[in-house]
Structure formats: structure tokens, C-alpha cells
Amino acid sequence: MGTFKIEGGHQLKGSIKPQGAKNEALQILCAVLLTPETVTINNIPDIIDVNKLIALLGKLGVKIKKLGQGSYSFKADEVNLQYLESAEFKEDGKGLRGSIMIVGPLLGRFGKGYIPKPGGDKIGRRRLDTHFEGFINLGAKFRYNREDYFYGVEAEELKGTYMLLDEASVTGTANIVMAAVLAKGQTTIYNAACEPYLQQLCKMLNRMGAKISGIGSNMLIIDGVESLGGTEHKMLPDMIEIGSWIGLAAMTKSELTIEDVSWDDLGQIPTVFRKLGITVEQQGDDIHIPEHKDGYQIQNFIDGSILTIADAPWPGFTPDLLSIVLVIATQARGEVLIHQKMFESRLFFVDKLIDMGAKIILCDPHRATVIGHDFKSQLKATTMTSPDIRAGISLLIAALSAKGTSTIHNIEQIDRGYEDIDERLRAIGAKIERVPGN
């Protein structure tokens, strides 16, 4: 395991640019399987999870060319479907959560798709029922090998239908959409996810020749087409990274500019941080966070009751930023209840913050109450291990604000979601050193 050594307590200053969106990349990259023509994608983040998916596409027979930093072309004109039933695929696929999204395009174009039970973050159960129920509604037959934990769907022909999703799953909606664009007839998906990354996927598919309406709403109507062509696509900046840098600026009392954030696609993010008392200024398409010399104060609800911040499907607040909000609140004036509704293990990193001196009451697996220090008591450096991507970046922010030198092990978890994070942080004044693992 690799390690970060972080000397905390230093103010940062300058500009930082967010990488391309990881969660968009995992959808967009799988969509290249829908056409034999060339698809060019720009602003792809150079992170472990995305690179694993690109490598998996290469093993499937997709011709991949790197055109420049973050830019690739993909041509899936000779897909090797035999790889899907190989022992190598069973090993490759289970190490990457995003691999589930190759099933929809493979089913739509070739009539079959397989996947081993995917891995990913240890943040609780993330079921796949929505994906496979959608495929079954389109006419696919489902099979599951319990011994190998291997899923499969097959269909001679997919037929459009009406379906009401049991949850507004982002990856589930994306997977079903990618199958339905090549189905015969019309498909209506109600209770569809509508977050910006899914909107990006639908817009890209329409440029390829798909007929999708209702983009941005929770009802998508898809008229199936015979085939899709090539296109070029640029990914949005990563909104989770943008939120991370807002939190970092506040916790370290630093003045930072976050460049090219695509303000129109940030939804509730600026509003939630402002409720925590953080000044979030729009400067063109940049975010400017001034130095919070006097700290920041959490707002109460208008009736005077304690503020609750909870996650919800888009356009609600993304669950991926709740851990950042929790860390920021440890140095605010006031109290806040953090309610993590969607994953039952994402708050289990708070013991590390308590070890650093934070005042946090873990009420249950889903809720934590944070009582802010108002910077009157600085967090203390400690040694910790990153359990997942989002907890990892939250602990890193805590360490950068803490007194003394902290050590974070298992930083591969952070690298899965953040590109060259130590280099970019050093560029704005952070004292962070990467120590390779044995």
C-alpha cells in the first residue's frame, strides 16, 4: 500500500482545475461499444478506475488510440465476445464497479452481455436489480451462476416497452438506455435518473443517431434505431472534485480559485456549501473561495432547528459529497446533522476524525451529528487508512488542516478517483509527500 505524509496547518493559494468527471467517464466509455464507427472522447481523467475500464475495452477488441492528454479515440468494429466468457474477464471485471455498464451496450448491439459480480468501494450494498430488471423488461433472459458469481443476459431481439424503475439508479438508467437505443419500438423509462452525467450520455447517443427525448427529466422516451454512428464528446468537470476543493479551501482558510466548473451543472452543490457558511463566488465559469479569516457559521433552518444535510437523487445533493460536508462541519460555528440515506457504511470513517479531536456523534450507520470547533481547537495529526475514495479525500482534507504530520495509508483508494492529486495540491502550497508501498 502507498502512503501520503501530510504536514498540516498551512494555508494554500492559487488556482486548481478539476479533472474530467469519473462517473461520467464510466458511462461514456461503455457507450463506444454501441457502434463500429470511431468515437473520440476528450477530458478523460487519468485515474485508476477509468484506466482499468479502458484496458478492459482493449481486451474486448476495441481499437484504442491515445490522441493527447485526456483524449482517446475508440473503434469497436471487431469486438471479441469470446473474451466475455474467459477466466481473464471474470477476474478483470470483478475488480471494477463500472464494468457493469458494458452489459447494456453489448446486449443492445450483440444480443448478449455478461459480467462477474463487480467490486469497488466498501460503502455498503449496491444492488444490480434495477439493471437486470430493465433488461428483462426489454425482452432479455437472465441467468446467474452462483458458483462463479457470474451474471448474464441474452436476447434474440430487444423490444421497447414501458418501465417504472424501482429506484432512480444512475448506472441502472444508463445501462438500460444503452440497451434500449437499439431495441425495436419505443421504450419509456419512468423514475429515470436525470443527473448531468446521464444527460451527457443521452446527448452523446443522440449525436450518434439515437432518438431520446425527455433528457434532464425523470421520464425518458427512446425510439429505437437500427444502428448508431461515431461522434466526438467532451466530458464535464468532476463535480465531486469541485466540492472537495471548496471544502479544502474552507478548512485551511485558504483563498482558492476553481477553474472551469460548468456552473450550470452543479445543482445544489454551491447552495449546500453556503448553508455551511462558506462564501462561494461565481466568477465567469470559475468558483472563487475567499480566505475565511473569521471562520464560517452553519445556518439553522428558519424555525431555529438544527440544519440537516441529506443526500438524494439528482437534483438533490449528491451522496459523494456528504463526507466532505462532514469534515468541513468539524471546524464550523454551530452544529449539523449529516444523514447518509443511500449507503450504510459511508460514515464509518468518522472514528478517524474523532481520533483527530473532532466532535462527532455517530447516531447510527446513516446519521452523524457534528458539533463544530469554530477553529478554536485545531484537529490533531494522526495515522489512518483510507477505506474508500470519498472517505479518503475527506481524511486528506482533514490532515491538511490539522496540526502536525499525518499519515494516510491505502492511498490507492484515493488514486482511484483523483488524478495526480499530490502534485496538484503541492502546486497550490500543500505539504504532501507520496511514499510508495512495498
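Since this is a predicted model, take the numbers as computed values, not measurements.

**Considerations on a nonpolar patch on the surface**
There is a patch of nonpolar side chains on the surface, built from Tyr 162, Leu 164, Tyr 190 and Met 219 and spanning about 390 Å² of accessible area. Here Tyr 162 falls in the partly exposed class, since its relative accessible area comes to 48%.

**As for the sheet that holds strand 15 (residues 281-283)**
Pairing is mixed in the open sheet, where four strands are placed in the order 2-14-16-15. The sheet is open, and its two borders are formed by strand 2 (13-16) and strand 15, each paired with just one other strand. Ignoring which end each strand starts from, the neighbouring axes of this sheet average 20 degrees apart. Across three bridges, the pairing between strand 15 and strand 16 (residues 286-289) is antiparallel. By the bridge assignment, Gln 283 is partnered in strand 16 with Asp 286. Packed onto the sheet, helix 8 (residues 239-251) meets strand 2, strand 14 (255-258) and strand 16 and runs at close to 170 degrees relative to strand 14.

**Remarks on the sheet that holds strand 8 (residues 150-154)**
The strand order across the open sheet formed by three strands is 6-8-7, and the pairing between neighbours is antiparallel. Here the strands that pair on one side only, and so sit at the sheet edges, are strand 6 (112-116) and strand 7 (141-145). Averaged over all pairs of adjacent strands, the angle between strand axes in this sheet comes to 15 degrees, irrespective of strand direction. In this structure, strand 7 lies alongside strand 8, joined through five bridges in antiparallel fashion. Looking across to strand 8, one finds that Arg 143 is bridged to Gly 152. Packed on one face of the sheet, helix 3 (residues 87-94) meets strand 6 and strand 8 and runs near 65 degrees to strand 6. Packed onto the sheet, helix 4 (residues 103-110) meets strand 6 and strand 8 and runs at close to 155 degrees relative to strand 6.

**A short note on the pairing of strand 8**
The two faces of a sheet get side chains in turn, since along a regular strand they alternate between them. Here strand 8 lies mainly inside the structure; four of its five residues are buried. As paired strands, strand 6 and strand 8 are joined by five bridges and run antiparallel to one another. In the sheet register, Lys 112 faces strand 8, and the bridge partner there is Glu 154.

**Here's the deal with the environment of Asp 285**
Take Asp 285: it is sitting in the loop between strand 15 and strand 16. Asp 285 sits 24 residues away from Val 261 along the chain, and the two C-alpha atoms are 5.9 Å apart. Contact partners of Asp 285, with chain neighbours within four places excluded, come to Glu 259, Asp 260, Val 261, Ser 262 and Trp 263. Side-chain polar atoms of Asp 285 contact the backbone nitrogen of Trp 263, separated by 3.1 Å.

**Observations concerning the side chain of Ser 394**
Considering the arrangement of structural elements, one finds Ser 394 in helix 12 (residues 389-401). Here the side chain of Ser 394 touches Arg 390 through a polar contact of 2.8 Å, landing on its backbone oxygen. Those residues within four positions of Ser 394 in sequence are excluded, and the remaining contacts are Ser 323, Ile 324, Val 327 and Phe 349.

**Concerning unusual backbone geometry**
Outside of glycine, negative phi angles account for most residues, and trans bonds account for most peptide bonds. The omega torsion of the bond from Trp 314 to Pro 315 falls at 15 degrees, within 30 degrees of zero and hence cis. In this structure, Pro 315 sits in the loop between strand 17 (307-310) and helix 10 (322-329). One non-glycine residue, Asn 191, adopts positive backbone phi at about 65 degrees. Of note, Asn 191 is situated in the loop between strand 10 (186-190) and helix 7 (196-207). A relative accessible area of 24% places Asn 191 in the partly exposed class.

**What about helix 12?**
Along its 13 residues, helix 12 runs 19 Å from first to last C-alpha, staying within 8% of the 18 Å computed at 1.5 Å per residue. The buried fraction of helix 12 is high, at 13 of 13 residues. Of the residues that open helix 12, the one with a side-chain oxygen 3.0 Å from the backbone nitrogen of Arg 390 is Asp 388.

Cut-offs and rules
Residues numbered from 1 in each chain as written. Predicted model: local features only at pLDDT ≥ 70, side-chain atom pairs only at ≥ 80, totals over all residues. Heavy atoms only, no water. Patch = residues over 30% accessible without salt bridge, like charges linked within 9 Å, V, L, I, M, F, W, Y side chains within 5 Å. Areas by Shrake-Rupley, 256 points an atom, 1.4 Å probe, with all protein chains shown as cover. Salt bridge = Lys/Arg side-chain N within 4 Å of Asp/Glu carboxyl O. Buried < 20%, exposed > 50% of the residue type's maximum accessible area, 1.4 Å probe, protein only. Pairing = 2+ DSSP bridges. Helix = DSSP H or I, 4+ residues; strand = E, 2+ residues; numbered from the N terminus. Axes fitted to C-alpha atoms, helices over the stretch in contact; angles between N-to-C directions. Contact = heavy atoms within 4.5 Å. Polar contact = N/O pair within 3.5 Å; in protein donor to acceptor, adjacent residues only side chain to side chain. Expected span 1.5 Å × (residues − 1).

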